[in-house]
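In case you want the letters, here they are:
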Amino acid sequence: MNLFGKVIRASLYLVTALGVAFVQAAENMPGGPAVNQLNFPVPATKIMQEIHWLHWMMLIICLIIFVGVFGVMFYSIVKHRKSKGAQSASFHESTTVEIIWTVIPLLIVIGMALPATKTVVAMKDTTNADITIKTTGYQWKWGYDYIKGEGEGISFLSTLSTPRDQVNNLAPKSPTYLMEVDNEMVVPVGKKIRLITTANDVIHSWTIPAFGVKQDAIPGFVRDTWFKAEAIGTYRGQCSELCGAEHAFMPIVVRVVSQEDYSKWVEDKKKELAAAADDPTKVYSLEEQKERGAKVYAANCAACHQPNGKGAGAFPPLDGSKIVQGPKDGQFTILLNGKNAMPKWGAVLSDGDLAAVMTYTRNSWGNKTGEVIQTQDFVVARAANK
Ligand SMILES: [Cu+2]
């Protein structure tokens, strides 16, 4: 067999192997894309229904024009070809023809622009919302603050929950791989939800395709959008603005529930937040702080500094770090204020979480300072770092 044949044969094997792998891995994602889905997702809001309709309406108009124009063109070329002895007509400035080719496209454009404008205007109308939620993009998670309406005061972070082992191909992938989070946004069905988007570091974008919503979250700016989900269920989307190394790891999950379930969720969530709220005077043991700190570390720090604290590339190791093993003040400052690509955690985490994660880093891997940082230490450090 010559080289060319070998290459063809190898390519065929490769394509077959990929095909087999793909078929085996494929499974519909609940609330996400279906296998071989070509069309938009099933609409869950009126806006998305309108977007669907506009999409097909315009596609069909374009198709009719395409077939019509090319039909006439090819018909003319074939029918009036030179070999048949066709003689070209010669005329100039036919007012009738010019009016026709101006008026007809104008009518088509107006026919397409009017309904599209109506939908775009409706998409921007964020008035009379039942609930307002502030959505903040972080590298790489989402923060939700319920700032108006039922649930006011609830505030939490929503982080990818897919285990790293699945990402590294050490465990089988779940059907909602990379599209699942620890804390979902929860909203009641049939209520108008206004979202205010912003970001803490770089531009992110909040998207749920089934809602027909996509809104950039820009640091230093607030933008808003809205949705009113028509059906109970779980809906998934992804950050849609390239935002750094873990851009693919900040999915968005919204759980739409009945009004009753929503009220219950609000009650439970408020109790949970009250229980988690720190009593700044409480003194924790080293073990308690390390245990809590390990969770905070896994959710917020491991993406850059790695689970083993060894760092990667531009992200310095914390294991053996002079700052982590040195005087506490240096670590208070970098945690509260950030530095270059190190986020400003003082704006994201509570004093209790900061104290726990700092205790964890000072007593993990090769770091053995034996020091316990208390919530109160961060209350003081925050005031000093103002
Ligand atoms: Cu992002």
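Procedures and definitions
Residues numbered from 1 in each chain as written. Predicted model: local features only at pLDDT ≥ 70, side-chain atom pairs only at ≥ 80, totals over all residues. Axes fitted to C-alpha atoms, helices over the stretch in contact; angles between N-to-C directions. Helix = DSSP H or I, 4+ residues; strand = E, 2+ residues; numbered from the N terminus. Parallel < 35°, antiparallel > 145°, perpendicular 65-115°, else oblique. Contact = placed C-beta atoms within 7 Å. Nonpolar A, V, L, I, M, F, W, Y, C, P; charged D, E, K, R; others polar. Pairing = 2+ DSSP bridges. Core = buried A, V, L, I, M, F, W, Y, C linked by C-beta atoms within 7 Å. Buried ≥ 20, exposed ≤ 12 C-beta atoms within 10 Å, placed from the backbone. Domains from an automatic or database assignment.

A. Quick peek at the packing of helix H10 (residues 351-362) against helix H11 (residues 375-384). It is the contact of H10 with H11, at a shortest axis distance of 8 Å, that shows an interaxial angle of 110°. Compared by their axis directions, H10 and H11 come out roughly perpendicular. Contacts from Asp 351, Gly 352, Leu 354 and Ala 355 in H10 reach Thr 375, Asp 377, Phe 378, Val 379 and Arg 382 in H11. Here the contact of H10 with H11 is built from residues that sort into four nonpolar, two polar and three charged.

B. Inspection of the sheet that holds strand E3 (residues 155-158) at higher detail. Taking strand neighbours across the sheet as the criterion, the five strands line up as E3-E2-E1-E5-E8 in an open arrangement whose pairing is mixed. Of all strands in the sheet, those bounded by a partner on one side alone are E3 and strand E8 (223-227). Sheet twist, expressed as the average angle between the axes of neighbouring strands with direction ignored, equals 25°.

C. Fine view of the sheet that holds strand E4 (residues 185-188). Pairing is mixed across the open sheet formed by three strands, whose spatial order is E4-E10-E9. Each having just a single partner strand, E4 and strand E9 (233-238) make up the two edges of the open sheet. Adjacent strand axes in the sheet meet at a mean angle of 25° when their direction is disregarded. For E4 and strand E10 (residues 251-257), the ladder comprises four bridges, and the chain directions are parallel. For Val 186, the partnering residue across the bridge sits in E10 and is Arg 255. Packing of helix H5 (residues 259-276) onto the sheet brings it into contact with E4 and E10, and relative to E4 it is tilted by some 135°.

D. The arrangement of the pairing of E3 in detail. Of the pairings in the sheet, the one linking strand E2 (residues 141-148) to E3 comprises four bridges and is antiparallel in character. Following the sheet pairing, Asp 145 is matched in E3 by Ser 155. Hairpin connection, E2 to E3: the antiparallel pair is bridged by six residues, and Gly 149 has positive phi, about 90°.

E. The nonpolar core, seen in detail. Counting residues in hydrophobic clusters, the biggest one holds 54 residues, and the most contacted among them are Phe 211, Val 254 and Val 357. Here the element with the most residues in this core is H10; it accounts for six residues. Taken domain by domain, this core gets at least three of its residues from each of domain 2 (131-276) and domain 3 (286-384).

F. Molecular detail of the domain arrangement of the chain. Split by domain assignment, the chain resolves into domain 1 (46-77 + 95-124), domain 2 (131-276) and domain 3 (286-384). Contacts between domain 2 and domain 3 engage eight residues on the former and six residues on the latter. Broken down by class, the residue content of the side of domain 2 that touches domain 3 amounts to two nonpolar, three polar and three charged.

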